[in-house]
Amino acid sequence: MEGQDVEVRELRIASWERRLAAWLIDIILVGVLVDLIVGMTGPLTPVVPWLPPGPAFQWGFSDGALVLFAYWTVLEGTRGQSLGKMALSLKVTGKKGEEIDLPRAAIQSFGKAFLLPLDCLIGWIAMRGSGQRLFNRLSETIVIHVNESAPEGVRYVRPG
């Protein structure tokens, strides 16, 4: 392999601020949907009997967290993007920019749906500068900023 040129693909790691904004878009959209469904049907999940009552103890097992987990797993495992990520030109990929599958999406979604504060803190402290949460590392995924420019050899003409 000596003397052969290796093509380097540049991936721009998404900023924490942009990722937070995409997360907020997702939780607002899904939160409204869950509130509408729960308002019509009642709770989707039973209260966990071994935890004290109240939102401070039940948050990880809430209807919203379960729906968000499924939402992120399906959208990011099939398209690489949730609606929030689409709006902000972000995408979840493998470390080399490749598409991810549902199992990897489920692993990285688990952290942000159920353990986000811990997931982020460990990422910020133990993996400083990597732009990864703990569950991104466990799933071997990264979040990148997607270039919206036209592919090579293509020029888009916009109206007006």
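This text goes with the structure placed above it.
As a convention, each chain's residues are numbered from 1 in the sequence order in which they are written. Totals for whole chains, interfaces and linings use all residues, but because this is a predicted model, local features are given only for residues with pLDDT of at least 70 and pairs of side-chain atoms are given and counted only at 80 or more. With hydrogens and water excluded, all non-hydrogen atoms of the structure serve as input to the side-chain values.

Novice: Describe the pattern of salt bridges, and please don't skip the residues or the numbers.
Specialist: Here, a salt bridge means any Lys or Arg side-chain nitrogen found within 4 Å of an Asp or Glu carboxyl oxygen. Following the criterion strictly, the structure yields five salt bridges and no others. Measuring nitrogen to oxygen at the nearest pair gives 2.9 Å for the salt bridge that ties glutamate 76 to lysine 85. A simple rule labels every residue: compare its accessible area, found with a 1.4 Å probe on the protein chains alone, to the largest value its type can have, and call it buried under 20%, exposed over 50%, or partly exposed in between. Accessibility expressed as a relative area gives 1% for glutamate 76, which makes it buried. Put simply, arginine 133 and aspartate 119 hold a salt bridge, and the shortest N to O gap is 2.1 Å. Within this pair, whereas arginine 133 is found in the loop between α6 (116–126) and α7 (134–139), its partner aspartate 119 is found in helix α6, the two being separated by 14 residues in sequence. The same class applies to arginine 133 and to aspartate 119, which are both buried. Each of Glu76, Lys85 and Lys112 takes part in salt bridges that share partners, so that together they form one network. Secondary structure elements are defined from DSSP: runs of H or I of at least 4 residues count as helices, runs of E of at least 2 residues count as strands, and each element is numbered from the N terminus.

Novice: Run through unusual backbone geometry, naming residues and quoting values.
Specialist: Backbone geometry places serine 89, a non-glycine residue, at a positive phi of 60 degrees. By secondary structure assignment, the location of serine 89 is in the loop between α4 (83–87) and β2 (90–94). Look at glutamate 140: it is not a glycine, yet its phi comes out positive at around 55 degrees. Mapping glutamate 140 onto the fold places it in the loop between α7 and β3 (141–145).

Novice: Please provide a residue-by-residue account of the sheet that holds β2, values included.
Specialist: Taken together, the three strands give an open sheet; going across it, the order is β1-β3-β2, and neighbouring strands pair in antiparallel fashion. Edge positions in the sheet fall to β1 (12–13) and β2, since each has one partner strand and no second. Following DSSP output, two strands are said to pair if at least two bridges run between them. Where β1 meets β3, two bridges bridge the pair, whose relative direction is antiparallel. When the sheet's bridge partners are listed, isoleucine 13 is paired in β3 with isoleucine 144.

Novice: So what about the environment of leucine 90? Which residues, and what values?
Specialist: Counting through the fold element by element, leucine 90 comes out in strand β2. Taking C-alpha positions, leucine 90 is 9.1 Å from isoleucine 13, a pair spaced 77 residues apart along the chain. Here leucine 90 is in contact with Ala14, Arg18, Arg19, Ala22, Gln81, Lys85, Val143, Ile144, His145 and Val146, once residues within four sequence places are set aside. Should any heavy atoms of two residues lie within 4.5 Å, those residues are counted as being in contact.

Novice: I'd like to hear about the pairing of β3, residue by residue, with values.
Specialist: Of all the five residues making up β3, five are buried; the element is thus mostly covered by neighbouring parts of the structure. Neither face of β3 is open: one carries Thr141, Val143 and His145, the other Ile142 and Ile144, and all of them are buried. Bridging between β2 and β3 involves five bridges; their strand directions are antiparallel. If you follow leucine 90 over to β3, its bridge partner there is histidine 145.

Novice: How would you sum up the side chain of lysine 85? Please name residues and give values.
Specialist: Here lysine 85 lies in helix α4. The class of lysine 85 is buried, set by a relative accessible area of 7%.

By themselves, these are just geometric observations and shouldn't be taken as functional.
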